[in-house]
Amino acid sequence: QAANIVAEKEYRVVVFEMNDLPYGKIEDGLPKWHVNLRDKQEKSIDQKLSHPNIYFVPRAKIGRDIEFEEILNDWGFSIIIFANGAWKDRALPIEGIDKFINNGLVYQNTLLYWYNHKHEPDYKGLKFELKDRSIVIGGGLSSLDVMKLGMIELVQNALKKEKGIDIDMFTFEKKGIAKVLNEIGLTLKDLNLYGMTLVYRRNATDMPLKSPKDNTEENINKAREVSDKLLKKYAENFLFHFIPLSSPMDKVEENGKLKGIVFQKNEIINGKLQTKKEDTFVLETPMLISSIGSLPEMITGFTYQNSLLNM
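Residues numbered from 1 in each chain as written. Predicted model: local features only at pLDDT ≥ 70, side-chain atom pairs only at ≥ 80, totals over all residues. Heavy atoms only, no water.

S.K.: Can you explain the pattern of salt bridges? Please cite residues and give values.
M.R.: Enumeration over the complete set of coordinates arrives at 14 salt bridges. One salt bridge in this structure joins Lys-131 and Glu-129, with 3.9 Å as the shortest N-O distance. Residue classification places Glu-129 among the exposed positions, given a relative accessible area of 55%. Residues joined by salt bridges that share partners form a network here, namely Glu-254, Lys-259 and Glu-284. (Salt bridge = Lys/Arg side-chain N within 4 Å of Asp/Glu carboxyl O. Buried < 20%, exposed > 50% of the residue type's maximum accessible area, 1.4 Å probe, protein only.)

So this is what it looks like as structure tokens:
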């Protein structure tokens, strides 16, 4: 969008893209069932970048292939616009947990990339096997997408293994797992599945699933009610569990493997989140998925404060 606006003003524009294609999280930040949304947005991007004043340069990542100082001082650009997205997963706030990355712990961006590309014959990236009783930590729309893809993957695989039934991902996404299983007379228990669990530090009403129309108390409360209903609908349709008011605080390790997570119970007092330090519990899990948001990668040449650009 920014490139097109500048190009329309008769300026020549160079777009540096770190990937092969210019679609960003439209391509790899959404599960692959978002076909219509992806097609619509990609056509729009193609149209904007087709302007004769725009030069598109793929596989050119700032800090890896090109240094920011080069662009700033040597290339003669009159203006530089950064729209580099948020591809770095926010670190899970558990000391020492990252030792289990991709071996017990999976971050959302990595999981989505695998899910969207694993069907490709020439895919050579990381491979994962979704586990029953996995825990997902998060609380936004992206977390719900992770719950959907995780539960769909679990049920698809179990149906093939236990019953010899093959049902495509689009059917599950459109109808919901509960309805599909009901139509064939099966339950999660019949498939030897318990399901995945989403854990959020606040209540469902606090999830950013619906934005209020304005800042009036009435519309804020309406948005909170919608968020609560959406979470319950997702959990009912896709058969996952939900634990609110709980924050991860420690890990349980056994023989060098991640065995579980220690959670701190929370409470909300006068709208503010408070920890109940005396109230903790442990959830055992074979797989932990972190879906607590993404941040832009830090680029050499800029100064940052708490992962944000220091302007």
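S.K.: Run through the sheet that holds strand β6 (residues 197-199), naming residues and quoting values.
M.R.: Taking strand neighbours across the sheet as the criterion, the five strands line up as β4-β11-β5-β6-β7 in an open arrangement whose pairing is parallel. Of all strands in the sheet, those bounded by a partner on one side alone are β4 (105-107) and β7 (241-243). Each strand axis lies, on average, 20 degrees off the axis of its neighbour in the sheet, ignoring direction. Note that β6 and β7 share three bridges and pair parallel. From the neighbouring strand, Val-199 faces β7, where its bridge partner is Ile-243. Set on the sheet, helix α5 (residues 108-117) makes contact with β4 and β11 (288-291); between it and β4 the angle comes to about 80 degrees. (Pairing = 2+ DSSP bridges. Helix = DSSP H or I, 4+ residues; strand = E, 2+ residues; numbered from the N terminus. Axes fitted to C-alpha atoms, helices over the stretch in contact; angles between N-to-C directions. Contact = heavy atoms within 4.5 Å.)

S.K.: With reference to specific residues and values, describe the side chain of Asn-109.
M.R.: Residue position: Asn-109 is located in helix α5. Among the polar contacts listed, one links the side chain of Asn-109 to the side chain of Ser-294, at a separation of 3.1 Å. The contact partners of Asn-109, leaving out residues within four places of it in the chain, are Lys-25, Ala-86, Trp-87, Lys-88, Asp-89 and Ser-294. (Polar contact = N/O pair within 3.5 Å; in protein donor to acceptor, adjacent residues only side chain to side chain.)

S.K.: Tell me what's going on with a negative patch on the surface, and back it up with residues and numbers.
M.R.: Residues Glu-67, Glu-69, Glu-70 and Asp-74 make up a contiguous surface patch of negative charge. Note that Glu-67 resides in the loop between β2 (54-57) and α4 (68-73). Judged by its relative accessible area of 33%, Glu-67 is partly exposed. (Patch = residues over 30% accessible without salt bridge, like charges linked within 9 Å, V, L, I, M, F, W, Y side chains within 5 Å. Areas by Shrake-Rupley, 256 points an atom, 1.4 Å probe, with all protein chains shown as cover. Lys, Arg positive; Asp, Glu negative; His and termini not counted. Charge placed at Lys NZ, Arg CZ, Asp CG, Glu CD.)

S.K.: Go over the packing of aromatic side chains, please, and point to the residues and values.
M.R.: Enumeration over the complete set of coordinates arrives at 10 aromatic pairs. Where Trp-114 meets Phe-128, the ring centres are 5.9 Å apart and the plane angle is 90 degrees; that geometry is what we call edge-to-face. Placement of Trp-114 in helix α5 and of Phe-128 in the loop between α5 and β5 (135-138) is noted, with a sequence separation of 14 residues between them. Neither residue differs from the other here; Trp-114 and Phe-128 are each classed as buried. Taken together, a centroid distance of 5.4 Å and an interplanar angle of 20 degrees make the contact between Phe-263 and Phe-281 stacked. Within this pair, whereas Phe-263 is found in strand β9 (residues 257-269), its partner Phe-281 is found in strand β10 (residues 272-284), the two being separated by 18 residues in sequence. Ring pairing ties together the aromatic residues Trp-33, Trp-114, Tyr-115 and Phe-128, which thus form one cluster. Over the ring of Trp-87 we find Lys-25; its NZ or CZ atom is 5.4 Å from the centre of that ring. Here the basic side chain of Lys-32 rests over the ring of Tyr-115, its NZ or CZ set 4.7 Å away from the ring centre. (Phe/Tyr/Trp six-rings, centres within 6.5 Å; stacked < 30°, edge-to-face > 60°. Lys NZ or Arg CZ within 6 Å of the ring centre and 35° of its normal.)

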